[in-house]
Amino acid sequence: MTMLGSPNASVAAGDALRRIAAGHRADLDDALALVTATGADREALFTTAGALRDDGLASAGRPRVITYSRKVFVPLTTLCRDRCHYCIFVDTPGQLQRLHKPVYMSPEQVLHVLRQGQALGCKEALLTLGDRPEERWPDARAWLDEHGFASTLDYVGYIARLITAETGLLAHLNPGVMSASELDVLRPVAPSMGMMLETTSRRLYEEPGQPHYASPDKDPAVRLQVIEDAGAAGIPFTTGILVGIGETARDRAESLLALRDAQERHGHIQEVIVQNFRAKPRTAMQDVPDADLLEYATVVAAARAILGPRMRIQVPPNLSDPAEFELLVRAGIDDWGGVSPLTADHVNPERPWPQIDELAARTAALGYELRERLTAHPEYVRDAGRWVDPALHDALAALADPQDGLARPGAPSSPAPAASGAGLSEAGPSASAGAAVRPSEAGGAAATTTATKILRTPSARVQGEGVEQLVSRAADAPGTLDDHEWVALLEATGSGLETLVRAADDQRRYTIGEAVSIVVNRNLTSTGFRAGGATGPAEFDLAEAAAIAADARELGVTEICVQGMLPAAEDPRGYLDLARALTADGGIHLHAYRPQDVCDLADRSGLGLEAALAALREAGVSTVPGTGVKVLAERVRGIVAPTDLHTDRWVEAITAAHRAGFHSTSVLFYGHAETAAERIAHLQRLRAIQEDTGGFTEFVPIPLPGPQGGVPLVAERSALDEHRAMVAVSRLLLAGSIRHIQIPWTRHDRDTTAALLQAGGDDLGGTLLDGRVRPAAGIEQGNELPLDAAARLVRPLFRPLRRRSTDYGEVAT
């Protein structure tokens, strides 16, 4: 969304830059000139901003280092009393019911997610939630009363202390507007807090139809007071502005100056986020254009020039395309903010985080080193005596590098059990802890103890008690279950199965998020390739392959999936010729060749496996299907698929593909001759491969059709429950390893597919468009799921459909 109103700057940007370089403090005219700079003035601004950033990093003792925080995003509640027009994070109580989603995450749900993050090396627990939902929604007030909490902020404090006591992670609190007394009470449980200023514009708050209208917590005066109070309380504070929500250039300038002034008074603003607006579906602003890239980068650079070299300037990397990173680094940023290897960005669910290794590589390509920091920035960590409550000093020291204040490498260790009278006990928080989590005088220590007892009391168990205990362990630490215990979960029935499915869906919700993803693709069976010309409708030659790719591009397809061994009469180098034909004109991601196909090329051509994979990369293959195996058990292969690769050869080939830089899918065909133990062994083998290579993007549990398939593990279970148990166990066993669980809609009816998306599934695979050129050349021809049909499938689940790329990134539009 472009800025509104005429800038009316009375000075030129070049003059403003010269004044700043001479040591003058920027005034409104200077700031206005900078945020509206264009042409040569904009280039000069970028140059100045980059130099200021580099000077600031050098003086901080970490030259050419851009930081990030490895975090777990905890959406403690999605109820809110505000009505922001661009927000997709919040739900109503009715929506929560339809989503089978709790009013507040329970302590157990929080810890299940945090412990997975702990294992992945996360050190920050970002608690984000709606503002004071109990003041609008009776359901929130009732939940808090039932569990003994005076307010949502009361519960935030309890959870923050619990997180550090149980996992060693440090909480960063982002609960919205807080009073001075609430800030004081929460200070002992979190080394940093945050709240976006967003804008100083009163028009956006006061005028009907504007983004912040009828949202009491978006009053700019209220938000500025929170920032001021945080400074008076000595709390390292994160804040920032939004660009593109309808604010004017003057609003942008005034917002940056307001943050500059607060920082000069207190020194507590540890970073300023400059965040670009991204339109969200199903919101009042869904049709508003995204923030203009150059305008956005100009505001980033202006923020650096106005706030100076010592301020950390952050941009969220998932809200920009990787190709835009260079411009943002030129504009003077020095921090990417929180990035999670586990959880989704629940505020921007359509924009996945970049992989941390990928972010590091892109940062390095721009001449900077990516380093991990803690939720409190190094300057505040090194001066913890002033900025961090003594109750957190030990926890902070355990995670901080004593030399530079950045994060120590590796995963946090869970603290030892607290001594009597300190921290949390089985009876609840100690007296001092109770004081720390009470933002109001209501409730008191007795209420805190009651809350702990209620929240930790096991639910009534009608049946399946052993299964329920195993489910809790599986959700908390999947590696602690042995194969026999996983088998027990896979064979669960009745209430035990329902508990299993709920836990798997919680795992999906709080890590992957609510979006259901799908890629627009078509299949092509390479078995039908004929170099000498096609003789039937399922066959094609190179010219027709190129026509298939051109047709696919016209239809909006981004992926062509190619599988199947070439006939023995065809030259094995036909695999390479076909790949070149499909990718010659660009615009298509080629997801091609199962391990069995790759081995056929390697063996018949004499290239060998490593050289064959290199040749496929050169020919245009980007990722490979991890199919061509039913269950990784030779006994089963001999019965069901004796012509498949031997299982050890399949493992060798998929591992080699991963090491050659290819990502792949992974599968299990179930419901035939395999035992429950063989299914679990298969999943464990996939997890071991993933720990070695990191190459699997998703897992697809596929029911084998008749006549060999359709065999239940548990005779008295329905077919639907057989599928639900398989999907749920896959989600829990592979948690923290293989991120996505794909539901193969071609093997289920629509109702079953929807049910499995509520058992831990988050992905629908591909649309499988037939195309108009040689449609019979694709396996499962005639079985399509266009985007509109996929949207209809997920709409009753109240979950958004997200179009993805093959590797789960964003699709350029």
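Residues numbered from 1 in each chain as written. Predicted model: local features only at pLDDT ≥ 70, side-chain atom pairs only at ≥ 80, totals over all residues. Heavy atoms only, no water.

Draft legend 1. Just the overall build of the protein, in detail. Regarding its fold elements, the protein presents 32 helices and 21 strands. Against the 2.2 N^0.38 benchmark of 28 Å for 813 residues, the protein shows a C-alpha radius of gyration of 28 Å, consistent with a compact globule. With respect to the three principal axes, the spread of C-alpha positions in the protein is 80 × 70 × 50 Å. In the protein, which comprises 813 residues, the proportion classed as buried is 61%. Expressed as a percentage of contacts within the protein between residues at least 6 apart in sequence, the contacts between residues at least 24 apart total 76%. Only carbon and sulfur atoms are counted for the fraction: they give 52% of the accessible area of the protein, which is about 29,600 Å². When the 80 positive and 106 negative side-chain charges of the protein are each reduced to one mean point, those points stand 1 Å apart. (Helix = DSSP H or I, 4+ residues; strand = E, 2+ residues; numbered from the N terminus. Rg over C-alpha atoms; globule rule 2.2 N^0.38 Å. Buried < 20%, exposed > 50% of the residue type's maximum accessible area, 1.4 Å probe, protein only. Contact = heavy atoms within 4.5 Å. Areas by Shrake-Rupley, 256 points an atom, 1.4 Å probe, with all protein chains shown as cover. Lys, Arg positive; Asp, Glu negative; His and termini not counted. Charge placed at Lys NZ, Arg CZ, Asp CG, Glu CD.)

Draft legend 2. Fine view of the sheet that holds strand S15 (residues 589-592). Read from one edge of the open sheet, 4 strands run S13-S14-S15-S16, paired in parallel fashion. The open sheet has two edge strands, strand S13 (521-525) and strand S16 (621-623), and neither has a second partner. The average undirected angle you get between the axes of adjacent strands in this sheet is 40°. By the bridge criterion, 2 bridges tie S15 to S16 in an arrangement that is parallel. Bridging across to S16, His591 finds its partner in Thr623. (Pairing = 2+ DSSP bridges. Axes fitted to C-alpha atoms, helices over the stretch in contact; angles between N-to-C directions.)

Draft legend 3. Structural context of the packing of aromatic side chains. On inspection of all chains with the given rule, the structure shows 10 aromatic pairs. Consider the rings of Tyr155 and Tyr158, whose centres lie 6.4 Å apart with planes at 15°: the pair is stacked. Of this pair, Tyr155 and Tyr158 both sit in helix H7 (residues 152-167), 3 residues apart, roughly one helical turn. Here Tyr155 and Tyr158 have matching classes, each one buried. Note on Tyr575 and Tyr593: the rings are 5.1 Å apart at their centroids and 85° apart in plane angle, and the pair reads as edge-to-face. Here Tyr575, found in helix H24 (residues 574-583), pairs with Tyr593, found in the loop between S15 and helix H25 (595-605); they are 18 residues apart in sequence, far enough to count as distant. Ring pairs connect the aromatic residues Tyr104, Trp143, Phe149, Tyr155 and Tyr158, which therefore count as one cluster. A cation over a ring is seen here: Lys630 above Phe669, with NZ or CZ 5.3 Å from the ring centre. (Phe/Tyr/Trp six-rings, centres within 6.5 Å; stacked < 30°, edge-to-face > 60°. Lys NZ or Arg CZ within 6 Å of the ring centre and 35° of its normal.)

Draft legend 4. Structural detail: the pairing of strand S2 (residues 124-129). S2 sits mainly inside the fold: 6 of its 6 residues count as buried. Covered by surrounding structure in S2 are Glu124, Leu126 and Thr128 together with Ala125, Leu127 and Leu129, the residues of both alternating faces. Here 5 bridges tie S2 to strand S3 (residues 170-174), and the two strands are oriented parallel to one another. Residue pairing for S3: Leu127 is matched across the bridge by Leu173.

Draft legend 5. Spotlight on the nonpolar core. Of all hydrophobic cores here, the largest spans 106 residues; its most connected members are Leu34, Leu173, Val274 and Trp336. Residues within four places of Val274 in sequence aside, it is in contact with Ile241, Val243, Tyr296, Val299, Val300, Ala303, Ile313, Gln314, Val315 and Pro316. Grouped together as the second largest cluster of nonpolar side chains are 105 residues, Leu481, Leu524, Ala592 and Trp650 included. (Core = buried A, V, L, I, M, F, W, Y, C linked by side-chain atoms within 4.5 Å.)

Draft legend 6. Region of interest: the sheet that holds strand S18 (residues 696-703). With parallel pairing, the 3 strands of this open sheet are ordered in space as S17-S18-S19. Only two strands of the sheet have a single partner each, and these edge strands are strand S17 (664-670) and strand S19 (740-741). Relative to S19, S18 runs parallel, the two sharing 2 bridges. Note that in S19 the partner of Phe699 across the bridge is Ile741. Running at roughly 160° to S18, helix H30 (residues 719-733) makes contact with S17, S18 and S19 of the sheet.

Draft legend 7. Summary view of the confidence of the model for the protein. Chain-level statistics for the protein give a pLDDT mean of 92 and a share of 93% at 70 or above. Taken as a whole, residues 1-6 scores under 50 in pLDDT and shows 24 contacts with residues more than four places along the chain or in a different chain. For the stretch residues 418-464, pLDDT sits under 50, and the model shows 77 contacts to residues farther than four places along the chain or on other chains. (pLDDT = per-residue confidence, 0-100.)

Draft legend 8. Expanded view of helix H6 (residues 138-147). The complete set of buried residues in H6 reads Ala140, Trp143, Leu144 and His147. What you see down the axis of H6 is that its buried residues fit within an arc of 95°, all on one side. Those residues of H6 that are exposed and aimed more than 90 degrees away from the buried face are Pro138, Asp145 and Glu146. At the C-terminal side of H6, Gly148 shows a positive phi close to 85°. (Arc of directions from axis to C-beta.)

Draft legend 9. Molecular detail of the side chain of Arg509. With respect to the helices and strands, the residue Arg509 is situated in helix H22 (residues 494-511). Excluding residues that lie within four positions of it along the chain, Arg509 makes contacts with Leu99, His100, Lys101, His346 and Glu514.

Draft legend 10. Structural view of the state of the cysteines. Counted under the stated rule, the structure contains 0 disulfides. Of all cysteine sulfurs in the structure, the one in Cys84 sits closest to Cys87, which takes part in no disulfide; the separation is 6.2 Å. Of all cysteine sulfurs, the one in Cys599 lies closest to Cys561, which takes part in no disulfide; the gap is 17 Å. Note on Cys561: relative accessible area 9%, which makes it buried. (Disulfide = S-S within 2.5 Å.)

Draft legend 11. Broad picture of the pattern of salt bridges. The final tally for this structure, using the stated rule, is 74 salt bridges. We note a salt bridge from Glu674 to Arg679, for which the minimum N-O separation is 2.8 Å. Each member of the pair, Glu674 as well as Arg679, is classed as buried. Overlapping salt bridges bring together Asp91, Lys101, Asp505, Asp506, Arg508, Arg509, Glu514 and Arg799 as one network. (Salt bridge = Lys/Arg side-chain N within 4 Å of Asp/Glu carboxyl O.)

Draft legend 12. Spatial organisation of H30. Helix length check: H30, at 15 residues, gives a terminal C-alpha distance of 21 Å against a target of 21 Å (1.5 Å per residue), a fit within 8%. The buried fraction of H30 is high, at 12 of 15 residues. Among all positions of H30, only Glu722, His723, Arg724, Ala725, Met726, Val727, Ala728, Val729, Ser730, Arg731, Leu732 and Leu733 are buried. (Expected span 1.5 Å × (residues − 1).)

Draft legend 13. Quick look at the environment of Val631. For Val631, the location among the structural elements is in the loop between S16 and helix H27 (634-640). Its relative accessible area of 1% is what places Val631 among the buried residues. Expressed as a C-alpha distance, the spacing of Val631 and Pro744, which sit 113 residues apart in the sequence, is 17 Å. The contacts of Val631, once residues within four sequence positions are left out, are Val636, Thr647, Leu668, Phe669, His672, Glu674, Glu678 and His682.

Draft legend 14. Highlighting the side chain of Gln742. Summarising the element assignment, Gln742 is placed in the loop between S19 and helix H31 (750-757). A polar side-chain atom of Gln742 sits 2.6 Å from a polar atom in the side chain of Glu698. Polar side-chain contacts of Gln742 include one of 3.2 Å to the side chain of Asp763. (Polar contact = N/O pair within 3.5 Å; in protein donor to acceptor, adjacent residues only side chain to side chain.)

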